[in-house]
Each structure stands twice: as C-alpha cells, then as structure tokens.
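Next come the chains, spelled out residue by residue.
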Amino acid sequence: MARPNLLQTAAFTAAYVLPALLLGQVSFGGYTFDSWAAFADEATEVGSPPPGAGLLPSGTSSINTALTDHNLNTWVVAGGSAGMADVRFIDNVIVNGEGADFVVFEQGVPETYGVAISRDGTASNLTNFRQYTGTQAIDLSDFGLASGATVTLLRIQPNPWVAGSGGAELSADIQDIAALHSHAPSAFGKFDFNDGTVQGWTLDGAFDETGTAYPSSFFDGWQDAVNYPGPPGLDPMGDQRGTLRLATLGGMALTIRVLPGGL
Ligand SMILES: [Ca+2]
Ligand SMILES: [Ca+2]
Ligand SMILES: [Ca+2]
C-alpha cells in the first residue's frame with residue numbers, strides 16, 4: 001500500500017466540520033438556522049437623535065435586548081426617520097452563500113425599513129441603504145458583496161424617509177436579525193485531539209476559493225505521531241494525543257471540472 005502523502009495545498013482547502021449535534025439547528029419564525037449563534041449579538045442606537053426621533057424598544061426596555069433576544073415578542077420602532085441601529089455579529093459572521101443570507105424579522109402589518117451593510121465591519125464603510133418590507137430573507141449579493149464575503153455589522157433604519165412620499169411613513173417593527181449562512185468568526189484556531197480519536201470531526205470538500213466543491217480522493221483520519229507543538233512524526237505512539245490527518249493515497253487526486261468551452 002502506498003504511503004499516504006500529507007497534503008499541503010494552497011489553492012484548495014478542505015473544511016472540517018463539527019458534528020451537527022454540537023451545533024443543533026433551530027427553527028424560528030418559519031426559517032431554519034444552524035444554531036442560536038446565527039442571531040445578531042449586539043445592537044446599539046446610531047448617534048444621538050432628538051427626543052421622539054430615536055429608537056423605541058417594545059416588550060423590553062433595551063434596544064439591544066429587543067434585537068438580539070431571538071424573541072419575536074420584542075422589537076424596536078423608530079419615533080422618526082432618524083432612528084437607526086447598528087447590529088453586530090460577534091460569535092458568528094454572515095456569509096454570502098447561494099441565495100438569501102440573513103433574515104430580518106418584522107412584526108405585524110408589513111412595513112418598510114432600510115438595511116445597509118458594512119463592507120469591513122466598521123460603521124465608516126457602509127453600503128447604501130436598500131429598502132425591504134416585512135419579514136424578509138435578504139441576499140448579500142443585493143448589496144454588491146462578492147460570493148463568500150463575510151459581514152459582521154449591518155445598519156437598520158426602521159423608518160426610512162421615502163423620497164417623494166412627503167414624509168416618513170409608519171415605522172417598521174424590527175424584531176430580530178439572524179444569519180441563514182452563518183460561520184464561526186474564523187475557521188482557524190487551536191483544537192486538541194487528545195482522546196485517540198478524531199472527536200467527531202468530519203471532512204467536507206475540497207473547495208476552491210469561491211466555495212465550489214470538487215470531487216477528490218482526500219480522506220481524513222487519526223494521526224498518532226503528530227501532536228503540535230512537538231516535532232512532526234516524533235509524538236509517542238499510543239498516548240492518545242495526535243492530530244487529524246488530511247491525505248491521499250499515491251499523491252494528490254482532485255477532479256477539476258472543465259467548463260463548457262474549456263478552461
Ligand atoms: Ca450570533
Ligand atoms: Ca426580539
Ligand atoms: Ca447570497
């Protein structure tokens with residue numbers, strides 16, 4: 001049998017995915033989310049609007065609670081068109097995947113609100129506002145973001161001034177915001193394989209840089225003799241400490257799709 005070759009790859013990555021039982025999908029408001037972590041984590045009012053023009057929480061005394069509690073019985077309205085909230089994702093990011101990427105939940109009779117997206121996680125690099133009405137599943141591509149782009153900050157304006165309407169309309173009631181395409185903030189981190197098994201991790205992919213999956217003969221498994229930060233191959237065998245191995249037999253094997261008309 002050929003010796004497995006440890007794969008070192010730059011152009012292609014393979015994602016290891018924690019077992020679903022650790023993530024626990026949740027159903028909420030007619031949508032399914034990976035976990036409660038998919039929901040927005042922090043909401044703050046933008047600026048210092050004049051009295052009566054800012055955001056008003058309903059069902060709670062806190063704007064932050066209303067927008068992050070995954071509870072449709074709490075929401076915020078704007079007393080005037082000036083009221084806006086910056087909504088942040090801390091333990092997750094929204095990812096621009098296929099189709100809609102996040103949901104804004106809006107209570108009662110559908111009303112119009114504005115959404116802007118931060119391109120870099122700061123309030124100084126927001127897209128223009130786009131308007132939506134009622135509970136909506138929204139695609140980040142609508143804002144010009146690239147496939148695979150991640151978002152940690154968006155701005156909600158419950159009562160946008162509609163040009164030509166002669167004034168502000170009734171405020172939307174924004175209940176909650178959550179990511180349909182949600183990832184942990186970073187795919188990189190330290191994980192100890194310390195019980196002699198791969199501890200439930202599975203291999204998914206390979207993918208190229210755009211997220212396209214390719215058939216491959218990569219496989220994963222337990223590697224006993226490697227345990228960071230020790231020198232590769234010198235960790236004692238049978239000590240339950242090791243690593244997760246990504247390998248192929250007899251060299252790399254990856255099926256590249258040829259597009260119509262050739263590469
Ligand atoms: Ca979250
Ligand atoms: Ca709520
Ligand atoms: Ca999308």
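The structure displayed is predicted, hence computed values, not measured ones.

Student: Now, about the overall build of the chain: what can you tell me, with residues and values included?
Tutor: Scanning the chain from terminus to terminus reveals two helices and 22 strands. Of all 263 residues assigned to the chain, the portion counted as buried reaches 26%. Taking as baseline every contact in the chain between residues at least 6 positions apart, the subset at least 24 positions apart corresponds to 69%.

Student: Give a description of the confidence of the model for the chain that names residues and reports values.
Tutor: Scored by pLDDT, the chain comes out at a mean of 82, with 79% of its residues at no less than 70. Within the model, pLDDT remains below 50 along residues 17–23, and this stretch shows nine contacts once partners closer than five positions in the same chain are excluded.

Student: Residue-level account of the sheet that holds strand E5 (residues 42–45), with values.
Tutor: Judged by pairing direction, the sheet is antiparallel, and its five strands sit side by side in the order E5-E8-E15-E11-E12 without closing on themselves. Every interior strand has two partners, whereas the edge strands, E5 and strand E12 (130–133), have only one. Averaged over all adjacent pairs, the angle separating strand axes in this sheet is 30°, with direction ignored.

Student: Go over the sheet that holds strand E9 (residues 93–95) with me, naming the residues and quoting the values.
Tutor: If you walk across this open sheet you meet the three strands as E14-E9-E19, and the pairing is antiparallel. Of all strands in the sheet, those with a lone pairing partner are strand E14 (150–151) and strand E19 (182–183), marking the two edges. Judged from the two bridges that link them, E9 and E19 form a sheet pairing that is antiparallel. Residue pairing in the sheet places Ile 94 in a bridge with Ser 182 of E19.

Student: So what's going on with the nonpolar core? Which residues, and what values?
Tutor: If you look at the biggest cluster of nonpolar residues, it comprises 40 residues, and the most contacted ones within it are Leu 67, Val 76, Ala 85 and Ala 178. Elements that contribute at least two residues to this core include exactly helix H2 (63–68), strand E7 (75–78), strand E8 (85–88), E9, strand E10 (102–106), strand E11 (112–117), strand E15 (153–157) and strand E18 (174–179). Setting aside its immediate chain neighbours within four residues, Ala 178 contacts Phe 33, Ala 38, Phe 39, Ala 40, Phe 102 and Val 103.

Student: Residues and numbers for the pairing of E7, please.
Tutor: Residue alternation in E7 divides its side chains into two sets, Trp 75 and Val 77 and Val 76 and Ala 78, and both sets are buried. Strand direction decides the pairing type here: strand E6 (residues 55–58) and E7, joined by four bridges, are antiparallel. Opposite Ser 58, over in E7, you have Trp 75 as the bridge partner.

Student: Which residues make up the environment of Pro 160, and what values do they have?
Tutor: Among the secondary structure elements, Pro 160 is positioned in the loop between E15 and strand E16 (161–162). Taking the C-beta count within 10 Å as the criterion, Pro 160 has 23 such neighbours and is therefore assigned buried. In the structure, Pro 160 is positioned 46 residues away from Gly 114 in sequence and 5.9 Å away in space, judged by C-alpha atoms.

Student: Break down the environment of Gln 25 for me, citing the residues and quoting the values.
Tutor: Counting through the fold element by element, Gln 25 comes out in the loop between helix H1 (20–23) and strand E3 (26–28). Separated by 10 residues in the primary sequence, Gln 25 and Ser 35 have C-alpha atoms spaced 4.9 Å apart. Contact partners of Gln 25, with chain neighbours within four places excluded, come to Thr 32, Phe 33, Asp 34 and Ser 35.

Student: Give me the lowdown on the environment of Ser 118, citing residues and values where you can.
Tutor: Within the fold, Ser 118 resides in the loop between E11 and E12. Here Ser 118 falls in the partly exposed class, since 19 other C-beta atoms lie within 10 Å of it. A C-alpha to C-alpha distance of 9.6 Å links Ser 118 and Asn 128, two positions 10 residues apart in sequence. Not counting chain neighbours up to four residues away, the residues in contact with Ser 118 comprise Ala 123, Asn 125, Leu 126, Val 151, Leu 153 and Leu 154.

Student: Tell me about unusual backbone geometry, and please be specific about residues and values.
Tutor: If you check the backbone angles, His 70 has positive phi at about 35° while not being a glycine. For His 70, the position within the fold is in the loop between H2 and E7. Taking the C-beta count within 10 Å as the criterion, His 70 has 19 such neighbours and is therefore assigned partly exposed. Despite not being glycine, Gln 240 has its phi angle at roughly 75°, a positive value.

The rules behind the values
Residues numbered from 1 in each chain as written. Chains lettered and ligands numbered in written order. Predicted model: local features only at pLDDT ≥ 70, side-chain atom pairs only at ≥ 80, totals over all residues. Helix = DSSP H or I, 4+ residues; strand = E, 2+ residues; numbered from the N terminus. Buried ≥ 20, exposed ≤ 12 C-beta atoms within 10 Å, placed from the backbone. Contact = placed C-beta atoms within 7 Å. pLDDT = per-residue confidence, 0-100. Pairing = 2+ DSSP bridges. Axes fitted to C-alpha atoms, helices over the stretch in contact; angles between N-to-C directions. Core = buried A, V, L, I, M, F, W, Y, C linked by C-beta atoms within 7 Å.

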